Amino acid sequence: MVEAAFHFPKGFRWGAATAAHQVEGGNTNNDWWAWEQQPGRILHGDSSVRACDWWGGRWREDLDRAAAAGQTAHRFSVEWSRIEPSPGRWDDAAIDFYRTLLDGMRERGIEPLVTLHHFTNPLWLAEAGGWESEATVVRFEAFVRKIVAALQDKADFWCTINEPNIYAYSAYVNGAFPPGKRDFGAALRVMRNFILAHAAAYHAIHEIQPAARVGLAMHYRPMTAHTASPLDRTVADFQSRIFNDLIPRACQDGRLRFPLGRGRVPQAAGTQDYLGLNYYSSDHVSFDLRRPGDLFARRFYPEGSDLSDIGMNANIPEGMDLALRWAESFRLPIYITENGIEDAADRIRPRYLIQHLHRAWKAANIGLPVRGYYHWSLVDNFEWERGWTQRFGLWALDVETQKRTARPSAELYAEICKENGVTSGMVRQYAPEIAAAMFPG
């Protein structure tokens, strides 16, 4: 049988992503650990107490597997509460841990992308007002200066803040993240402070390391009006502008576009050397007068969607087209810094992975500057308020024994990384249900 393939550009980066609190274990000095101790905050009362035991050293075996599987890149985060356990007190042992981790990546031929803030805050910072306080901008810059100065000989690729839009929404609109508020005004203040913090971090990093690459990782959620009604179109556009556009546009041109006012943050203009794109799924949006807390919008998946095992995400690969076209508008190199689906049985992940990478391949081969792909996630990890109910890993994790088991999608992704592309043979083997559509004729 004649084989066909979708090959990516030479030098394309293949990797996976993790985050400190989700894999390290033992992060007991941050706001998320305190949140986990409150009854009802985490599904089934799950705990991150050991997570994937990276702090205990099991990162070595996970990165061994990644390297053997052909991965050449890894995105991870550093834990602020370990590095600065109390205001102005730095823990050299924690910094040394991250230096060792970076050495381990380099030794395995893996390029690190270091995220400086991935949802968690030191407990002392949360108690002082967290991201609602503009003082946090100054504190974050000091932290960034400390850790970048300490790691600059081992890393030069930085993500300042992961998904500031998700953080603002989850912590200050729907209350699922600490501090658990439902205050849209507070959410907008937090978003502004994230913009200021990113800008301060960007300039600090380039002062320390002029050749560094610095950007944000933005969660992009395409929002399609469910009907042609003006109300549906209006709420879909409004939700998208606030959720998707407000932060990265301000970091492009220094202009704030709040719902009830405008402003300028000139120090934020031009503070992205690349755009980090996190894409998972897409929403249909309809106007709903009964949902003032959701800005009068109902977001949902169309009937008959290809749903994940707990229904949180839908396999909508055409949304990747929309996400990449959106990312292209910033005229920056694009890294897909997260993409994946929760699927303990690996029922949907193989076709999800192939279909989304096919869209990324099309974009890269018509000239969009797509430079790399980081699958979420390398191994099952602690998924915030959803605990251990979501399994995103290429490798399955037994939380009690810490045993890792490769899912079929781990083997598929290894073949993709080594081939630098997707072949018809891979599709027939791992996702035969989509083979005819992917390779007609």
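Going by the structure above, here's the rest.
Reference entry: report on the structure contained in this document. The structure presented is a predicted model; accordingly, all values stated were derived computationally and were not measured.

### With respect to the sheet that holds strand β7 (residues 223-225)
The strand order across the open sheet formed by 3 strands is β7-β11-β12, and the pairing between neighbours is mixed. Looking along the sheet, the strands with just one partner apiece sit at the ends: β7 and β12 (297-300). Going across the sheet, the axis of each strand differs from the next one's by a mean of 35°, ignoring polarity. Pairing between β7 and strand β11 (residues 283-287): 3 bridges, direction parallel. Residue pairing across strands places Met 223 opposite Asp 283, the latter belonging to β11. Sitting on the sheet, helix α10 (residues 230-253) is in contact with β7, β11 and β12, with an inclination near 170° to β7.

### Structural notes on the packing of helix α8 (residues 164-172) against helix α9 (residues 184-208)
Orientation of α8 relative to α9, taken along the N-to-C sense of each, is 155°, at an axis distance of 9 Å. Classified by the angle between their axes, α8 and α9 sit roughly antiparallel to one another. The handedness of the crossing between α8 and α9 comes out as right-handed. Contact residues: Pro 164, Tyr 167, Ala 168 and Tyr 172 in α8; Phe 184, Ala 186, Ala 187, Val 190, Met 191 and Phe 194 in α9. Partitioning the contact of α8 with α9 into residue classes produces 10 nonpolar, no polar and no charged.

### Concerning the packing of aromatic side chains
Inspection of the entire model under this criterion finds 33 aromatic pairs. Here the aromatic cluster, defined as three or more aromatic residues joined through ring pairs, consists of Trp 32, Trp 80, Phe 119, Trp 124, Trp 131, Phe 140, Phe 143, Tyr 167, Tyr 172, Phe 177, Phe 194 and Trp 384. Above the ring of Trp 55, the side-chain terminus of Arg 82 is found at 3.6 Å from the ring centroid. The positively charged end of Arg 298 is found above the aromatic ring belonging to Phe 300, 4.1 Å away from the centroid.

### Quick notes on the sheet that holds strand β13 (residues 334-338)
To summarise the sheet geometry, strands pair through backbone hydrogen bonds and adopt either a parallel or an antiparallel arrangement. Read around the barrel, 8 strands follow the order β2-β3-β4-β5-β6-β10-β13-β14 and close on themselves; strand pairing throughout is parallel. Going across the sheet, the axis of each strand differs from the next one's by a mean of 25°, ignoring polarity. Across the sheet, helix α5 (residues 92-107) is in contact with β3 (73-77) and β4 (111-115); its angle to β3 comes to roughly 170°.

### With respect to the pairing of strand β6 (residues 213-219)
The buried fraction of β6 is high, at 6 of 7 residues. Bridge analysis of strand β5 (residues 157-162) against β6 gives 4 bridges, and the strand direction is parallel. Pairing of Cys 159 across the sheet is with Gly 215, part of β6. Direction of pairing for β6 relative to strand β10 (residues 274-278): parallel, over a ladder of 5 bridges. Bridging across to β10, Gly 215 finds its partner in Tyr 274.

### Topic: the pattern of salt bridges
Counting across every chain of the model gives 36 salt bridges. Between Glu 383 and Arg 386 there is a salt bridge whose closest N-O contact spans 3.7 Å. Arg 386 matches Glu 383 in its accessibility class, with the two residues each being buried. Connected via shared salt-bridge partners are Arg 58, Glu 61, Asp 62, Arg 65 and Arg 404.

### Points about the side chain of Glu 84
Here Glu 84 lies in the loop between α4 (80-83) and α5. At 7.1 Å, Arg 139 is the nearest oppositely charged side chain to Glu 84, a buried residue that forms no salt bridge. Here Gly 88 takes part through its backbone nitrogen, which lies 2.8 Å from a polar atom of the side chain of Glu 84.

### Re helix α7 (residues 135-151)
For α7, built from 17 residues, the straight-helix expectation of 24 Å at 1.5 Å per residue is met to within 8% by its first-to-last C-alpha distance of 25 Å. Within the span of α7, buried status applies to Thr 136, Val 137, Phe 140, Phe 143, Val 144, Ile 147, Val 148, Ala 150 and Leu 151. On an axial view of α7, the arc spanned by its buried residues comes to 160°, and they lie on one face. For α7, the elements touching its buried residues are α4, α5, α6 (123-127), β5 and α9.

### Examining the environment of His 118
Along the chain, the position of His 118 falls in the loop between β4 and α6. Spatially, the C-alpha atom of His 118 lies 22 Å from that of Arg 106, the residues being 12 residues apart in sequence. Apart from the residues lying within four places of it in its own chain, the contact partners of His 118 are Ala 19, Gln 22, Arg 75, Ser 77, Asn 162, Glu 338, Trp 376 and Trp 384. For His 118, the side chain forms a polar contact with the side chain of Asn 162, separated by 3.1 Å.

### Considering the environment of Ala 171
Here Ala 171 shows up in helix α8. With relative accessibility at 0%, the residue Ala 171 sits in the buried group. Remark: the alpha-carbon pair of Ala 171 and Thr 72, spanning 99 residues in sequence, is separated by 34 Å. Residue contacts for Ala 171: discarding those within four places in its chain leaves Phe 177, Pro 178, Pro 179, Gly 180 and Lys 181.

Thresholds, definitions, all that
- Residues numbered from 1 in each chain as written.
- Predicted model: local features only at pLDDT ≥ 70, side-chain atom pairs only at ≥ 80, totals over all residues.
- Heavy atoms only, no water.
- Pairing = 2+ DSSP bridges.
- Helix = DSSP H or I, 4+ residues; strand = E, 2+ residues; numbered from the N terminus.
- Axes fitted to C-alpha atoms, helices over the stretch in contact; angles between N-to-C directions.
- Contact = heavy atoms within 4.5 Å.
- Parallel < 35°, antiparallel > 145°, perpendicular 65-115°, else oblique.
- Left-handed = near helix turned anticlockwise from the far one by under 90°.
- Nonpolar A, V, L, I, M, F, W, Y, C, P; charged D, E, K, R; others polar.
- Phe/Tyr/Trp six-rings, centres within 6.5 Å; stacked < 30°, edge-to-face > 60°.
- Lys NZ or Arg CZ within 6 Å of the ring centre and 35° of its normal.
- Buried < 20%, exposed > 50% of the residue type's maximum accessible area, 1.4 Å probe, protein only.
- Salt bridge = Lys/Arg side-chain N within 4 Å of Asp/Glu carboxyl O.
- Lys, Arg positive; Asp, Glu negative; His and termini not counted.
- Polar contact = N/O pair within 3.5 Å; in protein donor to acceptor, adjacent residues only side chain to side chain.
- Expected span 1.5 Å × (residues − 1).
- Arc of directions from axis to C-beta.

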